[in-house]
Amino acid sequence: MRGSAGPTAASCAACAAGSYKDGTGSEPCARCPPGSFKQEPGPGSCTACPAGMYAAAGAVECSSCPPLSSAPPRSADAANCSCNAGFSGPDGGFMRCVCCGLVQGWDRLRAVRALPSRILQAGARAGLVHGV
């Protein structure tokens, strides 16, 4: 029976979620290929993951790429996720994409925040400021 497997019709079992079987016969169910999924057991085919999502073989659902990143349709792994246009960061996995100028902006902000303490420390060394 389509969507089930077993040596005889009396012993057929529904294909588990994440697996499928296109034809009839005693062949076992196959896992959904990478980049696709199937949520329900029984008959039915695997559905391709949309852009921005990925799934390993035998998946019951697709996983989303991290924020501000995307992957092509039918992606099999988080390694296929890359930062969207206008953002930068390491590709794949659990990366963190940031606005292209933001990293430099944060470095500048840290330097500006450190400036008052540097001025106070210099004043203390010169004897102009006490208690720093």
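Going by the structure above, here's the rest.
Numbering of residues starts from 1 in every chain and runs along the sequence as written. Whole-chain, interface and lining totals are the exception, using all residues; otherwise, since this is a predicted model, local features are given only for residues with pLDDT of at least 70 and side-chain atom pairs are given and counted only at 80 or more. Excluded from the side-chain calculations are hydrogens and water; all other atoms, namely the structure's heavy atoms, are used.

K.L.:
What exactly am I supposed to notice about unusual backbone geometry here?
P.N.:
With glycine set apart, most residues show a phi of negative sign, and most peptide bonds adopt trans. Notably, Leu68 is not glycine yet its phi reads approximately 65°, a positive angle. For every residue, the accessible area (1.4 Å probe, protein chains only) is compared with the maximum for its type, and the residue is labelled buried under 20%, exposed over 50%, or partly exposed between those bounds. By relative accessible area, which is 38% here, Leu68 ends up partly exposed. The phi dihedral of Arg74 is positive, around 65°, even though this residue is not glycine. A helix here means a DSSP run of H or I that spans at least four residues, while a strand means a run of E at least two residues long, and both kinds are numbered starting from the N terminus. Mapped onto the secondary structure, Arg74 falls in the loop between β9 (69–70) and β10 (82–83).

K.L.:
Is there a simple way to explain the state of the cysteines in this structure?
P.N.:
Between two cysteines, a covalent bond joining their sulfur atoms is known as a disulfide. Criterion for a disulfide: a pair of cysteine sulfur atoms at a distance within 2.5 Å. In total, this model carries 5 disulfides according to the counting rule given. In this model Cys32 forms its disulfide with Cys46; the gap between the sulfur atoms is 2.0 Å. Judged by the torsion about the S-S bond (-80°), the Cys32/Cys46 disulfide is left-handed. Of the two residues, Cys32 is situated in the loop between β4 (30–31) and β5 (36–37) and Cys46 in the loop between β5 and β6 (47–48); the sequence distance between them amounts to 14 residues. In terms of burial, Cys32 and Cys46 fall into one category: buried. Disulfide pairing places Cys65 opposite Cys81 at an S-S distance of 2.1 Å. Disulfide Cys65 to Cys81: torsion about the S-S bond roughly -75°, handedness left-handed. Residue Cys65 is located in the loop between β8 (63–64) and β9, and its partner Cys81 is located in the loop between β9 and β10; the two are separated by 16 residues in the primary sequence. Cysteines bonded in the chain are numbered consecutively along the chain; their disulfide partners then correspond to 1-2, 3-4, 5-6, 7-8, 9-10. Here Cys12 stays unpaired: no disulfide links it, and the sulfur of Cys29, its closest cysteine neighbor, is 9.2 Å away. On the basis of relative accessible area, Cys12 is assigned to the partly exposed category, the value being 25%.

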